[in-house]
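# Remarks on the overall topology
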Amino acid sequence: MIQTYFRQAWRLLRQNKLFSAIYIAGTALTIATTTIFAVIYYVKIEPIYPESNRHRTAYLSRAQMDNRDGKWASVGSVGLDLLYKLRDVEGVEKLSVIKEHRWRNDYVGLPGKDNDVRAYVKGVDPQFFEIYDFDFKDGRPFSAAEFESGVHAAVITDDLAMRLFGTDRDITGRELQLNYDTYRVAGVVRGGSSLTSWSFATLYMPYTSVSGYDRQSTPNMGQFKGIILTDDLDLVQRGVAEMTRRFNSSQDEFDLELWQQPTSHTAMALCPDPTSSSGIGGVIFSRGLILLILLLVPALNLSGMISGRMETRGAELGVRRSFGATRRHLLGQVVWENMVLTLIGGVLGLLLTWLLLWLTSGSLLTLVDDRFDAPAADPTLTPDMLFAPAVFGIMLVLTIVLNLLSAIVPAWITSRRRIVKSLKEK
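Each chain has its residues counted from 1, running along the sequence as written. The predicted nature of this model means local features are confined to residues of pLDDT at least 70 and side-chain atom pairs, given and counted, to a pLDDT of 80 or more, with totals for whole chains, interfaces and linings taken over all residues. Side-chain measures were taken over the full set of non-hydrogen atoms in the model, leaving aside hydrogen atoms and water.

### Notes on the overall build of the protein
The test is simple: Helix numbers and strand numbers start at the N terminus; a helix is a DSSP run of H or I with at least 4 residues, a strand a run of E with at least 2. Relative accessibility decides the category of a residue: with a 1.4 Å probe and only protein chains considered, values under 20% of the type maximum give buried, values over 50% give exposed, and everything between is partly exposed. By definition, residues are in contact when any of their heavy atoms lie within 4.5 Å. In these tables, accessible area is a Shrake-Rupley quantity obtained with a 1.4 Å probe, and a residue counts as shielded only by the protein chains included in the view.
Helix and strand content of the protein: 14 helices and 15 strands. Out of the 426 residues belonging to the protein, those deemed buried represent 49%. In the protein, the proportion of contacts linking residues at least 24 apart, taken out of those at least 6 apart, comes to 78%. With the model as given, the accessible surface of the protein reaches about 20600 Å², and the carbon-plus-sulfur share is 58%.

Given below as structure tokens:
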């Protein structure tokens, strides 16, 4: 029976080329738009190299200090003294403190050569390479002893190594110049994408190698952010809230505000600004509404097309019913016809998705990217971003379900007409 349905569907596809082409194109565009939308949030939320521990990662990125006299308030990144206190909070498995350089023009070159290239620099500590699973192609991360002594060591990406040295192998110990300061290469890692903003850089150095790194003008404020690895975020948040309460009750001049931080990776990806009042619920609602519109509008258009087509096939269905075909068989035929068209459109939609992402070099993934402080680097695609079977499978299933519903309703209405009325239709 199913083989018969497929043969009939293929025959009708060839007989009604215009309808079939429009149906397939509509399905393909629906698959492409919804899949790109889904991939955007897949890249934001799911584990992507080197951020393979995203579901266990939390962040403390913003702080606010209010003068109790109401004369001033300071909002910004966090100071080292506050972040170091997180080490004693129960539930914190690992803590990494990072210093961003995203608003500086950092250039890297070789001593004695005029070949400076732009670099995206991040000041980190040894725990940074324990939280993020970097693939070292050469060398190793700088050690805790090197970090404490503030040595000028650097871990660079393979892309930067190729641009500087022409190779990404056997360059450990060689020197480079970062903004006219000499650094020794400690290791080379496989680079990630700027879309993984918390781990992304092309050069990682100990932030202790910069003089005055711990200078701060306001208590608990600075230029740093904390990355926490934990299996119990609620416990950590309660500990940080208690730490904040104790600080505020211990003095009469300032009030420290950390909102609901540390923030989970999912919450940070959806609502990057912890000071925002909209919250993660509002973001999920608005993005879900957009996805629903992207799915429903094409389905309604296809339903109208199928309804018009069923009007022209009324006599055909009437003849089949007069020879004993049941409504169930007629509905089955229509469903399988649209299933064939939907599957063809679905495959073309997936191919169109990959083509668009490849042609735009991943810039489509920043369409709804409202991250609070994304790096200024061009987005790059990695294989685990392009090939996400779960995302493509879910979007294809959703589209098939909606397309089938758009076909079943008009087919059911047409099949319920009286045989005599259907036979009289031209």
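### Things to note about the nonpolar core
Stated formally: Buried Ala, Val, Leu, Ile, Met, Phe, Trp, Tyr and Cys residues form a nonpolar core when they are joined through side-chain atoms within 4.5 Å.
Counting residues in each nonpolar core, the largest one holds 45 residues, and the members touching the most others are Leu86, Phe128, Phe129, Tyr132, Phe134, Tyr204 and Ile227. With residues up to four places along the chain from it excluded, the contact list for phenylalanine 129 reads Val124, Phe134, Phe136, Pro141, Phe142, Val155 and Tyr204. By size, the runner-up hydrophobic cluster in this structure holds 23 residues, among which are Ile45, Ala269, Leu386 and Phe392.

### A few points about a nonpolar patch on the surface
What counts here: Patch members must show over 30% relative accessible area and no salt bridge, and they are joined within 9 Å when carrying like charges or within 5 Å when they are nonpolar side chains of Val, Leu, Ile, Met, Phe, Trp or Tyr. Criterion for a salt bridge: a side-chain nitrogen of Lys or Arg within 4 Å of a carboxyl oxygen of Asp or Glu.
A contiguous nonpolar patch, built from Phe285, Leu289, Leu292, Ile293, Leu296 and Val297 and spanning about 550 Å² of accessible area, is present on the exposed surface. For leucine 289, the location among the structural elements is in helix H9 (residues 279–312).

### Some remarks on helix H2 (residues 17–45)
What counts is decided by this rule: The span expected for a helix works out to 1.5 Å for each residue beyond the first.
With 29 residues, H2 should reach 42 Å at 1.5 Å per residue; the first-to-last C-alpha distance of 41 Å fits that figure. Of all 29 residues in H2, 21 are buried; the element is thus mostly enclosed.

### Digging into the sheet that holds strand S2 (residues 63–67)
Note the threshold: Pairs of strands are assigned from DSSP output, requiring at least two bridges between the strands. Note on method: axes are straight lines fitted to C-alpha atoms, helices fitted across the in-contact stretch only, with angles between N-to-C directions ranging 0 to 180 degrees.
Across the sheet, three strands lie side by side as S3-S2-S14; this open sheet has antiparallel pairing. Both outer strands of the open sheet, strand S3 (73–76) and strand S14 (254–257), are each paired with one neighbouring strand and no more. The average undirected angle you get between the axes of adjacent strands in this sheet is 15 degrees. Alignment of S2 against S3, held across four bridges, turns out to be antiparallel. Pairing of methionine 65 across the sheet is with serine 74, part of S3. Packed onto the sheet, helix H7 (residues 233–250) meets S2 and S14 and runs at close to 170 degrees relative to S14.

### Observations regarding unusual backbone geometry
Cis geometry marks the peptide bond from tyrosine 49 to proline 50; its omega dihedral reads -5 degrees. For proline 50, the location among the structural elements is in the loop between H2 and strand S1 (57–60). Cis geometry marks the peptide bond from glutamine 261 to proline 262, where omega comes out at 0 degrees. Among the structural elements, proline 262 can be located in the loop between S14 and strand S15 (263–264). A positive phi angle, close to 50 degrees, is found at asparagine 179, a residue other than glycine. Assignment of secondary structure puts asparagine 179 in the loop between strand S10 (175–178) and strand S11 (181–189). Phi angles above zero are rare outside glycine, and tryptophan 259 is one such case at about 55 degrees.

### Remarks on the environment of leucine 229
Turning to its location among the elements, leucine 229 is positioned in strand S13 (residues 224–229). The exposure class assigned to leucine 229 is buried, which follows from its relative accessible area of 3%. For the pair leucine 229 and alanine 58, spaced 171 residues apart in sequence, the C-alpha separation works out to 6.5 Å.

### Examining helix H6 (residues 158–165)
Residues three or four positions apart in an α-helix share a direction because the helix packs 3.6 residues into each turn. Which entries qualify depends on this criterion: What the arc measures is the spread of directions leading from the helix axis to the C-beta atoms.
Those residues of H6 lying buried are Asp158, Leu160, Ala161, Leu164 and Phe165. When H6 is viewed along its axis, its buried side chains cluster within an angular range of 155 degrees and face the same direction.

### A few points about the packing of aromatic side chains
Here is the rule: Put simply, two rings from Phe, Tyr or Trp (the six-membered ring, in Trp's case) pair if the centres are within 6.5 Å, and we call them stacked under 30 degrees between planes, edge-to-face over 60, tilted for the rest. Think of it as a cone above the ring: NZ of Lys or CZ of Arg counts as a charge over the ring if it is within 6 Å of the ring centre and within 35 degrees of the ring normal.
Enumeration according to the criterion identifies 16 aromatic pairs in this entry. A centroid spacing of 6.4 Å and a plane angle of 80 degrees characterise the contact between tyrosine 49 and phenylalanine 134, whose relative ring orientation is edge-to-face. With tyrosine 49 in the loop between H2 and S1 and phenylalanine 134 in the loop between helix H4 (128–131) and strand S8 (136–139), this residue pair connects regions lying 85 residues apart in the sequence. Summarising the burial analysis for this pair, tyrosine 49 and phenylalanine 134 share the class buried. Between tyrosine 207 and phenylalanine 224, the aromatic rings sit 5.1 Å apart at their centres with planes inclined by 70 degrees, giving edge-to-face as the arrangement. Of this pair, tyrosine 207 sits in the loop between strand S12 (203–206) and S13 while phenylalanine 224 sits in strand S13, and the two are 17 residues apart along the sequence. What makes tyrosine 207 buried here is its relative accessible area of 1%. Judged by its relative accessible area of 3%, phenylalanine 224 falls in the buried class. One aromatic cluster is present, built from ring pairs that chain together Tyr49, Phe128, Phe129, Tyr132, Phe134, Phe136, Phe142 and Tyr204. Against the face of tryptophan 198 rests lysine 225, its NZ or CZ located 5.6 Å from the ring centre.

### Observations regarding the pattern of salt bridges
The full count for this structure, using the stated rule, is 13 salt bridges. One salt bridge in this structure joins glutamate 51 and arginine 54, with 2.8 Å as the shortest N-O distance. Across the pair, arginine 54 and glutamate 51 agree in class, each one buried. Between aspartate 231 and arginine 56 there is a salt bridge, with its nearest N and O atoms 2.6 Å apart. Here aspartate 231 is found in the loop between S13 and H7, whereas its partner arginine 56 is found in the loop between H2 and S1, with 175 residues between them in sequence. The exposure class assigned to aspartate 231 is exposed, which follows from its relative accessible area of 63%.

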